[in-house]
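A look at the structure
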Amino acid sequence: MDYVTAAVPHPRSEGEGPARSARRSLAVALMSGALGAAVALLATRQRWSMGTATVAGDAFPLSAKGSDVTGVPAALAIVGLAALVAVFAVRRTGRFAVSALLALSGAGIVVAALLGATDSSALDDKAAQASGDTSSVVHAFDHTAWPYVAAVGGGLILLAGLLALLYGGRWPAMSGRYERNGAVRPRRAPVVDPDRPEDVWKALDRGEDPTGA
């Protein structure tokens, strides 16, 4: 007689796929979010644009850092970094809202950085200060690659936010053993069954009276 056998999936193997995906997405989100914030902050401190202004008939070179052009990328990088940490402090609806804030911070950095690459207003202000003429503008405007580096940093933060929106519900949260005011929740004493000798011995080892007297 022939027997037909069917392969029964192990319960542990069924849950390994989602668990592995959650761990992988968590690692990628943490790495991309932290790296993106660092890259965006670093890029805003570099020279974004350059040009020349006419001062007393001579060409005067000018340059502007990213923070001179726009303060949005640096501010949103800090917001995104805070949101990345806050993702693990909240759950359910709160986690979804913080994840959305993380994604929006990254998108805002990308938009602000790309707009700043062609913005000459910061150099025009410096040209007016250098020449003493408010109508003076910068000539031979050019920009560096740093605005695009900031945009890449924003893209990494955006990626972290999207991963949090998709997989954040499977990520762990901060231990619920701690109350909101920072106090540690007291642990409940195990119930001792006097009819079970092992429970009585464990209670005695903890320094408790198993008789309840």
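These numbers come from a predicted model, not from an experiment. (Residues numbered from 1 in each chain as written. Predicted model: local features only at pLDDT ≥ 70, side-chain atom pairs only at ≥ 80, totals over all residues. Heavy atoms only, no water.)

Topic: the overall build of the protein
The cut-off we apply is this: A helix here means a DSSP run of H or I that spans at least four residues, while a strand means a run of E at least two residues long, and both kinds are numbered starting from the N terminus. Think of it in three bands: with a 1.4 Å probe and only protein chains considered, a residue is buried below 20% of the maximum accessible area for its type, exposed above 50%, and partly exposed in between. The contact criterion used throughout is that any non-hydrogen atoms of two residues lie within 4.5 Å. Accessible surface area values rest on a Shrake-Rupley calculation with a 1.4 Å probe, where residue burial reflects the displayed protein chains alone.
Helix and strand counts for the protein stand at seven helices and three strands. Reading the helices (α) and strands (β) of the protein from amino to carboxyl end gives α-β-β-α-α-α-α-β-α-α. When each of the 213 residues of the protein is scored for burial, the buried share is 29%. The long-range share in the protein, meaning contacts at least 24 apart out of those at least 6 apart in sequence, stands at 66%. Split by element, the accessible area of the protein, about 13,500 Å² in all, is 61% carbon and sulfur.

Description of the nonpolar core
Among soluble globular proteins, nonpolar side chains are generally buried collectively. So the rule is basically this: By convention a nonpolar core is built from buried Ala, Val, Leu, Ile, Met, Phe, Trp, Tyr and Cys residues, the set being connected through side-chain atoms within 4.5 Å.
Ala29, Val87, Phe88, Leu102, Ile109, Ile157 and Trp171 are the most contacted members of the largest nonpolar core, which has 18 residues in total. Per-element tally for this core: the top contributor is helix α1 (residues 11-44), with five residues. Dropping the residues within four chain positions of it, Leu102 is found in contact with Gly80, Ala83, Leu84, Ile157, Ala160 and Gly161. By size, the runner-up hydrophobic cluster in this structure holds 13 residues, among which are Trp48, Ala113, Leu123 and Val138.

Digging into the packing of helix α4 (residues 93-116) against helix α6 (residues 146-167)
To keep it simple, the criterion reads: Orientation is described by axes fitted as lines to C-alpha atoms, over the contacting stretch for helices, and by angles from 0 to 180 degrees between their N-to-C directions. Small angles under 35 degrees read as roughly parallel and large ones over 145 as roughly antiparallel, with 65 to 115 read as roughly perpendicular and the rest as oblique. By the definition used in this description, the sense in which the near helix is turned from the far one sets the handedness, with an anticlockwise turn below a right angle giving left-handed and a clockwise turn giving right-handed. Asp, Glu, Lys and Arg are counted as charged, while Ala, Val, Leu, Ile, Met, Phe, Trp, Tyr, Cys and Pro are counted as nonpolar; the rest, among them Gly, fall into the polar class.
At a closest axis distance of 7 Å, the pairing of α4 and α6 adopts a crossing angle of 160 degrees. When the axes of α4 and α6 are compared, the pair comes out roughly antiparallel. Classified by chirality, the crossing of α6 by α4 is left-handed. Within the contact of α4 with α6, the residues separate by chemical class into 19 nonpolar, five polar and no charged.

Focus: the pairing of strand β1 (residues 47-55)
What counts is decided by this rule: The pairing criterion for strands is at least two bridges between them, as found by DSSP.
In the sheet, β1 pairs with strand β2 (residues 58-65) via eight bridges, with the strands oriented antiparallel. For Thr54, the partnering residue across the bridge sits in β2 and is Ala59. Across three bridges, the pairing between β1 and strand β3 (residues 139-143) is antiparallel. By the bridge assignment for β3, Ser49 is matched with His143.

Here we look at the sheet that holds β2
Read across the open sheet, the three strands follow the order β2-β1-β3; overall the sheet is antiparallel. Two strands close off the open sheet at either side, each with one partner strand: β2 and β3. Across the sheet, the mean angle from the axis of one strand to that of its neighbour is 15 degrees, orientation sign disregarded.

A closer look at a nonpolar patch on the surface
The condition that has to hold: A patch consists of residues whose relative accessible area exceeds 30% and which take part in no salt bridge; residues with like charges are grouped when within 9 Å of each other, and nonpolar side chains (Val, Leu, Ile, Met, Phe, Trp, Tyr) when within 5 Å. What counts as a salt bridge is simple: a side-chain nitrogen of Lys or Arg found within 4 Å of a carboxyl oxygen of Asp or Glu.
On the surface, a nonpolar cluster with roughly 400 Å² of combined accessible area is contributed by Phe96, Leu162, Leu165 and Leu166. At three residues, α6 tops the list of elements feeding residues into the nonpolar patch. Along the chain, Leu162 turns up in helix α6. Residue Leu162 is classed as partly exposed on the basis of its relative accessible area, which comes to 42%.

Notes on the side chain of Thr70
Relative to the assigned elements, Thr70 resides in the loop between α2 (66-69) and α3 (72-86). Not counting the four nearest positions on each side in its chain, Thr70 is found in contact with Trp48 and Ala112.

Concerning unusual backbone geometry
Positive phi is not limited to glycine here, since Arg92 has a value of about 50 degrees. One can find Arg92 in the loop between α3 and α4.

Notes on the packing of α3 against α4
At a minimum axis separation of 8 Å, α3 and α4 run at an interaxial angle of 160 degrees. Between α3 and α4, the interaxial angle falls into the category roughly antiparallel. Seen from above, α3 lies across α4 with left-handed handedness. When α3 is examined against α4, the residues Val72, Pro73, Leu76, Ala77, Val79, Gly80, Ala83, Leu84 and Ala86 are found in contact with a partner set consisting of Val98, Leu101, Leu102, Ser105, Gly108, Ile109, Ala112 and Ala113.

Details of the environment of Gly80
Counting through the fold element by element, Gly80 comes out in helix α3. Gly80 sits in the buried class, given a relative accessible area of 2%. Expressed as a C-alpha distance, the spacing of Gly80 and Ser99, which sit 19 residues apart in the sequence, is 9.3 Å.

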